[in-house]
Amino acid sequence: MHIRIIILSISILMINKVAATTIGFSQVGSESGWRTSFSESVKAQAQARGIELKFSDAQQKQENQIKAVRSFIAQGVDGIIIAPVVETGWKPVLREAKRARIPVVIVDRNIKVKQQSLFLTRIASDFEEEGEKIANWLMAQTKGECAIAELQGTVGATAAIDRAKGFNRVLAKFPKSKIIRSQTGEFTRSKGKEVMESFLKAEQGGKNICAVWAHNDEMALGAIQAIKEAGLKPGTDILIVSVDGVPDYFKAMAEGEANATVELSPHLGGPSFDAIEAHLAGKKVQKLISTTGDLFTQDTAAAEYQKRRLQ
Amino acid sequence: MKDSIQTVSAGADHKLSEQDLAEAKAARYQAGKSNSVGRYIWPVCALALLLAVNLLLDASFFSISYQDGRFYGSLIDILNRSAPVALLAIGMSLVIATGGIDLSVGAVMAIVGAVCANLLITDISVFAVIIIGLSTGILAGVINGALVSYLSIQPIVATLLLMVAGRGVAQLINQGQIVTFQNDTFSAIGVGNWLGLPMPVWLVIATLLFCQLLVRRTALGLFIEAVGCNASASRYMGINDRHVKLFAYAMAGLCAAMAGMIATADIQGSDANNAGLWLELDAILAVVIGGAALTGGRFSLALSIIGALIIQTLATTIIVSGLPAKFNLLIKAIVILVVLLLQSEKFRNQCKQLLRISARGDV
């Protein structure tokens, strides 16, 4: 009698479990503010959709991630999301997941595997596309005629290299536009300001410069201060474009001191769940889903700033 | 110097006349003096050379205009931008003169910046914020100094602790964010002007004058050098070497606090990750370019400032030159190497010999 009740209650519990989708998420760690908001957004999305999320923090170690994925497989989850620490070494564990027929979604950083069938899809922002987007906007604004001062990111960083590549690809189509000054601002506000000060002096007090293209918002914010101190109006005398979409930059745009930015979205949770749910429903999913953010301009900046400040 | 030694040895054979002795004595006392003039020539030459290169790159480099109640030009920029490193170098000179080293000054800049920025968003008066900021710097310096002098921990290890931990403390205070503030009075420390010159430049001038008077018009400078040359010997002479060291580190902390406030006021925000990052190395470099001995016992505050100016002029030159950013560090290293070689007497003598040999070869 007792045993029957126990079996019954367990099976009822099991049914409940099966009814809700269970998804395992292996995150790199929490090394930056951006990564923290990425984790938070995944958790919030899971709660909103009624998905049971098994969250695992790998503390920057791949072995922890592989352990976590194996335990997800053993628990028989419906899907696995991995934000990989490194690109290599994923083949064995992905094969195990495939054998268990569990779809795996790779988010943010890339992985290197020969068999593309080992994972369902990869969801990431495309740095080159970000550069292209902002370049297209700038060329449309200036009718393809612009002398640009470039503030590069840290030398050798993927974000810096790829954003420059995308931007220059668009720029090549406009012979009247040119990057006249280029130097690294190391992704920081103070370096961006210092480099911009020198650019202004070297280009007749900034008269020759039509726009500043910064590889991230922080450097652009530094450049804005340098331009203001030189007695010019950032946003009108010299256009400011960059990538990231941090709240301070939206504030600058709302005040008319910056012109445009492309958002680097930390909200990768939604698209990941979409992909897994689509797969479970039997639909086909694209191999690469780009989450390159939207371009924001001064028109919506004030409202966006209010929205972001509250978050 | 050499001549005087010859006089002495030659005179030893005969009988030393009073006059010879007096001359030799005078020459010996003068030796240090003539040497110190020589010490100034090479760093100043290097700075002049760098400025000349800038003139070639950009003809308008030396033009200074007066607008909006302040001077405006590349030279002013160099003075302004070199201020944090120059301040750090003043403190670092004192520490290095005692035979120590302070690796934590960059992290102290970040801490002070974070403390000030977080206090500024509350209702505390700016004056109080500045006092608290400076006290924080001095406290950090005293911690370093106490570890070095009372617990006899190697300076490089003792200050490494705060270098690593300090940035973490700053991040904790800022909770991982860049804390920005709107306060015109505090911002004036970084972007304000007085008598046409940027405020940071005045801060450096004031600090330099204060420290120079302190170490050269009192016996303190002598004490510092004595402790740097030989700490135990100076202790037997009655100098409290622990207090001297503690003072040097506290001064370094105070200077770092001022540099941190300049950096924070400059961008009107505290960036714990990047404020003062690697600046301790630039400060040490400035002191070394200024001809101070890393083993202690010899220092010059003015030369350290010239060292800081050389570093900043170089940075500006690289930006203006338009060379790809990936060459920055390489160029910096090569120029610094040349400056240091120019200062080395041995290297100069070898060059002279080489020239002489090649000249003989021509004949």
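Residues numbered from 1 in each chain as written. Chains lettered and ligands numbered in written order. Predicted model: local features only at pLDDT ≥ 70, side-chain atom pairs only at ≥ 80, totals over all residues. Heavy atoms only, no water.

Colleague: What should I look at first to understand the overall build of chain B in this one?
Modeller: A tally of helices and strands in chain B yields 15 helices and six strands. For chain B, the spread of C-alpha atoms along the three principal axes comes to 80 × 55 × 35 Å. In chain B, which comprises 363 residues, the proportion classed as buried is 47%. Long-range pairs, those at least 24 residues apart, make up 77% of the contacts in chain B between residues at least 6 apart in sequence. Summing over all exposed atoms, chain B offers an accessible surface of approximately 18,100 Å²; the carbon and sulfur share of this is 67%. Mean positive and mean negative side-chain charge positions of chain B (22 and 19 charges, respectively) differ by 9 Å. (Helix = DSSP H or I, 4+ residues; strand = E, 2+ residues; numbered from the N terminus. Buried < 20%, exposed > 50% of the residue type's maximum accessible area, 1.4 Å probe, protein only. Contact = heavy atoms within 4.5 Å. Areas by Shrake-Rupley, 256 points an atom, 1.4 Å probe, with all protein chains shown as cover. Lys, Arg positive; Asp, Glu negative; His and termini not counted. Charge placed at Lys NZ, Arg CZ, Asp CG, Glu CD.)

Colleague: What is the right way to read the packing of helix 7 (residues 184-191) of chain B against helix 11 (residues 241-267) of chain B from this model?
Modeller: Each pair of packed helices can be described by the angle between their axes along with the distance between the axes. All names here are of chain B. Interhelical geometry of helix 7 versus helix 11 gives an angle of 110° and a closest axis separation of 7 Å. With respect to helix 11, the axis of helix 7 lies roughly perpendicular. In this structure, helix 7 meets helix 11 at a crossing whose hand is left-handed. Residue-level inspection shows Phe-186, Ser-187, Ile-189, Gly-190 and Val-191 of helix 7 in contact with helix 11, the latter providing Met-261, Ile-262, Thr-264, Ala-265 and Asp-266. Looking at the contact of helix 7 with helix 11 residue by residue, the class counts come to six nonpolar, three polar and one charged. (Axes fitted to C-alpha atoms, helices over the stretch in contact; angles between N-to-C directions. Parallel < 35°, antiparallel > 145°, perpendicular 65-115°, else oblique. Left-handed = near helix turned anticlockwise from the far one by under 90°. Nonpolar A, V, L, I, M, F, W, Y, C, P; charged D, E, K, R; others polar.)

Colleague: What exactly am I supposed to notice about helix 12 (residues 279-289) of chain B here?
Modeller: Every α-helical turn comprises 3.6 residues, leaving residues that sit three or four positions apart pointing alike. All names here are of chain B. Of all the 11 residues making up helix 12, eight are buried; the element is thus mostly covered by neighbouring parts of the structure. Taken as a whole, helix 12 has its buried residues at Leu-279, Glu-280, Asp-282, Ala-283, Ile-284, Ala-286, Val-287 and Ile-289. Where helix 12 ends, the next residue or the one after it, Gly-291, has phi of about 85°, a positive value.

Colleague: Explanation requested: the nonpolar core in the structure shown.
Modeller: Among soluble globular proteins, nonpolar side chains are generally buried collectively. Counting 87 residues, the largest nonpolar core has Leu88(B), Leu94(B), Phe186(B), Ile224(B) and Phe299(B) as its most contacted members. With 14 residues, helix 11 of chain B is the single largest residue contributor to this core. What Phe299(B) contacts, discounting residues up to four positions off in sequence, is Arg39(B), Ser93(B), Leu94(B), Ala97(B), Val215(B), Arg216(B), Gly221(B), Ile224(B), Glu225(B) and Ala292(B). Judged by nonpolar contacts, the second largest core, of 29 residues, contains Leu221(A), Ala223(A), Ala230(A) and Ile238(A). (Core = buried A, V, L, I, M, F, W, Y, C linked by side-chain atoms within 4.5 Å.)

Colleague: Before we go on, may I ask you to explain the pairing of strand 9 (residues 239-244) of chain A in this structure?
Modeller: The side chains of a regular strand alternate between the sheet's two faces. Residue and element names in this part refer to chain A. Taken across its six residues, strand 9 has six buried, putting it largely inside the fold. Here strand 9 shows a buried face lined by Leu-239, Val-241 and Val-243 and a second buried face lined by Ile-240, Ser-242 and Asp-244. Both strand 8 (residues 211-214) and strand 9 contribute to a ladder of three bridges, which runs parallel. Its bridge partner lying in strand 9, Val-212 is registered against Ile-240. On the question of chirality, the crossover connecting strand 8 to the parallel strand 9 by way of helix 8 (residues 217-229) is right-handed. With helix 9 (residues 247-254) bridging strand 9 and the parallel strand 10 (residues 260-263), this β-α-β connection has right-handed handedness. (Pairing = 2+ DSSP bridges. Right-handed = clockwise from strand over helix to strand, strands pointing away.)

Colleague: Is there a simple way to think about the domain arrangement of chain A in this case?
Modeller: Often, the extent of an interface is quoted as the loss of accessible area on bringing the components together. Segmentation of chain A into domains returns domain 1 (2-125 + 266-280) and domain 2 (127-264 + 297-310). The C-alpha centroid of domain 2 of chain A is placed 37 Å from the C-alpha centroid of domain 1 of chain A. (Domains from an automatic or database assignment.)

Colleague: When you look at the interface of chain B and chain A in this model, what are you seeing that I'm missing?
Modeller: Contacts between chain B and chain A engage 27 residues on the former and 23 residues on the latter. The contact between chain B and chain A buries some 2,200 Å² in all, and 46% of this surface belongs to carbon and sulfur atoms. The interface formed by chain B and chain A holds three salt bridges in total. Asp266(B) is the partner of Lys193(A) in a salt bridge, and the nearest nitrogen-oxygen pair spans 2.4 Å. On the surface where chain B and chain A come into contact, there are eight residue pairs in polar contact (both at pLDDT 80 or more). Put simply, the parts of the chain that give the side of chain B that touches chain A at least two residues each are strand 2 (70-72), helix 3 (74-97), helix 11 and helix 13 (301-321) of chain B. For the side of chain B that touches chain A, the element with the highest residue contribution is helix 13 of chain B, accounting for six residues. Class assignment of the residues belonging to the side of chain B that touches chain A gives a composition of 10 nonpolar, 11 polar and six charged. (Buried area = accessible area lost by both parts, 1.4 Å probe. Salt bridge = Lys/Arg side-chain N within 4 Å of Asp/Glu carboxyl O. Polar contact = N/O pair within 3.5 Å; in protein donor to acceptor, adjacent residues only side chain to side chain.)

Colleague: For this particular structure, what's the right way to read the sheet that holds strand 8 of chain A?
Modeller: Strand pairing in a sheet relies on backbone hydrogen bonds. The paired strands run either parallel or antiparallel. Residues and elements named next belong to chain A. If you walk across this open sheet you meet the six strands as 7-6-8-9-10-12, and the pairing is mixed. The open sheet has two edge strands with one neighbour each: strand 7 (178-184) and strand 12 (295-297). Put simply, the sheet's adjacent strands are angled 20° from each other on average, direction ignored.

Colleague: For this particular structure, what's the right way to read the pattern of salt bridges?
Modeller: Once the charged atoms of two side chains with opposite charge are near each other, the side chains can pair. Residue and element names in this part refer to chain A. All told, the structure shown has 24 salt bridges over all chains when counted by the stated rule. A salt bridge links Glu-96 to Arg-70, with the nearest nitrogen and oxygen atoms 2.8 Å apart. Taken together, the positions of Glu-96 in helix 4 (residues 91-99) and Arg-70 in helix 3 (residues 62-75) put the pair 26 residues apart, joining distant regions of the chain. On the accessibility criterion, Glu-96 (27% relative accessible area) is partly exposed. Residue classification places Arg-70 among the partly exposed positions, given a relative accessible area of 40%.

Colleague: Looking at this model, I keep getting lost on the sheet that holds strand 4 (residues 104-107) of chain A. Mind explaining?
Modeller: Residues and elements named next belong to chain A. Strand order in the open sheet formed by six strands is 2-1-3-4-5-11, with parallel pairing between adjacent strands. Edge positions in the open sheet fall to strand 2 (52-57) and strand 11 (288-290), since each of these has one partner strand only. Strand-to-strand twist of the sheet, defined as the mean angle between neighbouring strand axes without regard to direction, takes the value 20°. Bridge analysis of strand 4 against strand 5 (residues 121-124) gives three bridges, and the strand direction is parallel. By the bridge assignment for strand 5, Val-107 is matched with Ile-123. Lying over the sheet, helix 10 (residues 269-280) contacts strand 1 (22-27), strand 2, strand 3 (79-82), strand 4, strand 5 and strand 11, oriented at roughly 150° with respect to strand 3.

Colleague: Help me understand a nonpolar patch on the surface, please; the structure alone is not making it clear to me.
Modeller: A surface patch of nonpolar side chains, about 440 Å² in accessible area, is lined by Leu323(B), Phe327(B), Leu330(B), Ile334(B) and Val338(B). Tracing the backbone shows Leu330(B) in helix 14 (residues 328-343). (Patch = residues over 30% accessible without salt bridge, like charges linked within 9 Å, V, L, I, M, F, W, Y side chains within 5 Å.)

Colleague: Hey, could you run me through the side chain of Thr136(B) in this one?
Modeller: Within the element layout of this structure, Thr136(B) appears in helix 5 (residues 126-149). Here Thr136(B) is in contact with Ile111(B), Val112(B) and Val115(B), once residues within four sequence places are set aside.

Colleague: Can you help me understand the pairing of strand 6 (residues 147-152) of chain A in this one?
Modeller: All names here are of chain A. In terms of burial, strand 6 is largely enclosed, as five of its six residues are buried. Handedness of the β-α-β unit built from strand 6, helix 6 (residues 158-171) and strand 7 comes out right-handed. As judged from the four bridges shared by strand 6 and strand 8, these two strands associate in the parallel manner. Residue pairing across strands places Leu-151 opposite Ala-214, the latter belonging to strand 8.

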